[in-house]
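Structure at a glance
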Amino acid sequence: MDPGGLRVNGKRLRNGLELMAEIGATPGGGVQRLTLSPEDKQARGLLVSWLEETGLDVTVDEMGNIFGRRHGKDDNLPPVMAGSHADSQPKGGRFDGILGVMGALEVMRTLVEHHVTTERPVVLVDWTNEEGSRFAPAMMASGVWAGKLERDWAWQRTDANGLVFGEELERIGYKGALPCASWPFHAYYELHIEQGPLLEAEGKTIGVPKGILCLHWYDIYVDGEANQVGPTPMEGRSDALVAAAEMILKVRELPAKMGGNMVATVGEIQNYPNSRNIIPDLVHFTVDIRSWDDELALRSWDDVEADFEAIATRHGCPLRVEERWRVQHNEFAPHLVGQVQATAEALGYSTLPMVSGAGHDASYAAMVGPTAMIFVPSIEGRSHVEVEDTTWEDCEAGANVLLSCVLQSAAER
Ligand SMILES: [Zn+2]
């Protein structure tokens, strides 16, 4: 490690982030750059022009993932990779995803500027559709790249207007020729905002996640009996919304009941027919359970499902449960996690070991090769909103840690 060595150009990094933030800028200070939208296309165009200016070999695969490769002394060695995503949530923030892409570009620009030739090649990556808000699921193209999702199935995903992913990809000109399939890599680093409040609360600069929490998604359907609210006595009602309300409170109480090391959330609900003078006869809601401990998450689900059944019986409201998605907790490569920690400290930044509660493309990368992430503070812990913010100093700090980690890994034979 050489903490006395190269540093990124914080001004240039900021300038690039500000230019990117103009693409899809929203009145509230955020960005809306939905996957394969005109704004996504524009951001890709700008990124590709920068990659070419920097002298990288640019390739686009058949899922639209963009790679910028810089030669090493030995191009036969598996490369070091760094990147993230350029798409955003609707009315999302200016840092989520794009910081990791621009951080990797800043690393490349710094290497070029200082005529550094690394032993291994270094590859920047911009993954398509990390957010999954226009086309579900999230992390779709890194999932295909890692061989965990089917390419043809991904191409057929549709948005809310019935537009097809594969056709939209072609329409914006980013359905590349390169097969979307992983190759061996020596290390993958993803710089990202924390999207939570811990770093700020602890007054630390660099978050060092040991991995990503497991993620269990369920869809719950509660059936009631519709009737006119006036003439129908309270006695004997089968009110699906009241039953669902009790169930939702059980979800809220679950982490405390099960012993803490998890979060449980109901984020989405639909009530039918959703009329003020009809007793609701159908409610759909979602349950999201996350923990480092997969077994705890499963036990918690069993526990809350038993509560759901009892509530459903008491209200005379039959229950239907669908398990939607289940991803195990994902541990990053301990040697790279340790390297991120040691590097940040050697550069003089305070650090905080943590876990990531949010999913990232790094989840799929970690299934292919050694992976680690570098987190920087989110002001007030806010993200996926227009006010999402991170200080320029922290962006620069994160990029410096990324640079130093890339240099170390790319020097290893
Ligand atoms: Zn992200």
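Let me begin by describing the structure that accompanies this report. (Residues numbered from 1 in each chain as written. Predicted model: local features only at pLDDT ≥ 70, side-chain atom pairs only at ≥ 80, totals over all residues. Heavy atoms only, no water.)

**Considering the overall build of the protein chain**
- If you tally the helices and strands in the protein chain, you get 12 helices and 14 strands.
- Its C-alpha atoms give the protein chain a radius of gyration of 23 Å, near enough to 22 Å, the size a compact globule of 413 residues would have.
- Overall size of the protein chain, expressed as C-alpha extent along the three principal axes, is 80 × 45 × 40 Å.
- Residues classed as buried in the protein chain amount to 54% of the 413 residues present.
- For the protein chain, contacts bridging at least 24 residues in sequence account for 79% of all contacts bridging at least 6.
- Here the protein chain contributes 35 positive and 61 negative side-chain charges, whose respective centroids are spaced 2 Å apart. (Helix = DSSP H or I, 4+ residues; strand = E, 2+ residues; numbered from the N terminus. Rg over C-alpha atoms; globule rule 2.2 N^0.38 Å. Buried < 20%, exposed > 50% of the residue type's maximum accessible area, 1.4 Å probe, protein only. Contact = heavy atoms within 4.5 Å. Lys, Arg positive; Asp, Glu negative; His and termini not counted. Charge placed at Lys NZ, Arg CZ, Asp CG, Glu CD.)

**What to know about the coordination of the zinc ion**
- Around the zinc ion, the protein supplies His 85 (NE2), Asp 96 (OD) and His 192 (NE2) as donor atoms, at distances of 2.0 to 2.2 Å.
- Each donor residue of the zinc ion lies on one chain, and together they are spaced H-x10-D-x95-H. Note that Asp 96 is positioned in the loop between strand S3 (80–85) and helix H3 (98–113) and His 192 in strand S5 (residues 187–193), a separation of 96 residues in sequence.
- Accessibility expressed as a relative area gives 6% for Asp 96, which makes it buried. (Donors = N, O, S within 2.8 Å, 3.2 Å for Na, K, Ca; no water.)

**Digging into the environment of Tyr 272**
- Relative to the elements of secondary structure, Tyr 272 occurs in strand S9 (residues 269–272).
- Tyr 272 sits in the partly exposed class, given a relative accessible area of 37%.
- Residues Tyr 272 and Ile 289, 17 residues apart in the sequence, show an inter-C-alpha distance of 25 Å.

**Quick notes on the packing of aromatic side chains**
- Within the structure shown, the criterion is met by 13 aromatic pairs.
- A ring pair is formed by Trp 301 and Phe 308, whose centres lie 6.0 Å apart and whose planes are at 85°; its orientation type is edge-to-face. Comparing Trp 301 with Phe 308 shows no difference in burial state: the two are buried.
- What links up through ring pairs into an aromatic cluster is the set Phe 67, Trp 127, Trp 145, Trp 183, Phe 185 and Tyr 188.
- The residue whose ring lies beneath Arg 44 is Tyr 174, and the NZ or CZ to ring-centre distance is 5.0 Å.
- Over the aromatic face of Trp 50 sits the side chain of Arg 109, whose NZ or CZ is 5.2 Å from the ring centroid. (Phe/Tyr/Trp six-rings, centres within 6.5 Å; stacked < 30°, edge-to-face > 60°. Lys NZ or Arg CZ within 6 Å of the ring centre and 35° of its normal.)

**Overview of the packing of helix H1 (residues 10–21) against helix H2 (residues 38–53)**
- Two numbers describe how H1 lies on H2: the axes approach to 10 Å, and their chain directions differ by 150°. Here H2 runs roughly antiparallel to H1, going by the angle between their axes. Relative to H2, H1 is oriented so that their crossing is right-handed. In this structure, H1 contributes Gly 16, Leu 19 and Met 20 to the contact, and H2 contributes Ala 43, Leu 46, Leu 47 and Trp 50.
- When its residues are assigned to classes, the contact of H1 with H2 shows six nonpolar, one polar and no charged. (Axes fitted to C-alpha atoms, helices over the stretch in contact; angles between N-to-C directions. Parallel < 35°, antiparallel > 145°, perpendicular 65-115°, else oblique. Left-handed = near helix turned anticlockwise from the far one by under 90°. Nonpolar A, V, L, I, M, F, W, Y, C, P; charged D, E, K, R; others polar.)

**What to know about the side chain of Ser 300**
- By the element assignment, Ser 300 lies in helix H9 (residues 294–315).
- By relative accessible area, which is 0% here, Ser 300 ends up buried.
- Contacts of Ser 300, omitting those with residues within four sequence positions, involve Leu 254, Met 258 and Met 262.

**Here we look at the pattern of salt bridges**
- Overall, the coordinates contain 21 salt bridges when judged by the stated rule.
- A salt bridge links Asp 303 to Lys 257; the nearest nitrogen and oxygen atoms lie 2.7 Å apart. With a gap of 46 residues between them, Asp 303 in helix H9 and Lys 257 in helix H8 (residues 240–258) connect regions that are remote in the sequence.
- The class of Asp 303 is partly exposed, set by a relative accessible area of 24%. (Salt bridge = Lys/Arg side-chain N within 4 Å of Asp/Glu carboxyl O.)

**Looking at the pairing of strand S14 (residues 371–376)**
- Summarising burial for S14: six of the six residues are buried, a large majority.
- Neither face of S14 is exposed, since Thr 371, Met 373 and Phe 375 on one face and Ala 372, Ile 374 and Val 376 on the opposite face are all buried.
- Looking at chain direction, S5 and S14 are connected through six bridges and run parallel. Bridge assignment links Tyr 188 to a residue of S14, and that residue is Thr 371. (Pairing = 2+ DSSP bridges.)

**Some points on the environment of Asn 400**
- Among the structural elements, Asn 400 can be located in helix H12 (residues 392–411).
- Residues Asn 400 and Ala 344, 56 residues apart in the sequence, show an inter-C-alpha distance of 8.4 Å.
- Not counting residues within four places of it along the chain, the set of residues in contact with Asn 400 comprises Arg 7, Val 8, Leu 347 and Tyr 349.
- Within polar-contact distance, the side chain of Asn 400 engages the backbone nitrogen of Val 8 at 2.7 Å. (Polar contact = N/O pair within 3.5 Å; in protein donor to acceptor, adjacent residues only side chain to side chain.)

**Observations concerning the packing of H2 against H3**
- Relative to each other, H2 and H3 sit at 15°, their axes nearing to 10 Å. In this view, H2 runs roughly parallel relative to H3, as classed from their interaxial angle. The chirality of how H2 crosses H3 is left-handed. Contacts between H2 and H3 pair Leu 47, Trp 50 and Leu 51 from the former with Val 101, Met 102, Leu 105 and Arg 109 from the latter.
- Among the residues forming the contact of H2 with H3, the class breakdown is six nonpolar, no polar and one charged.

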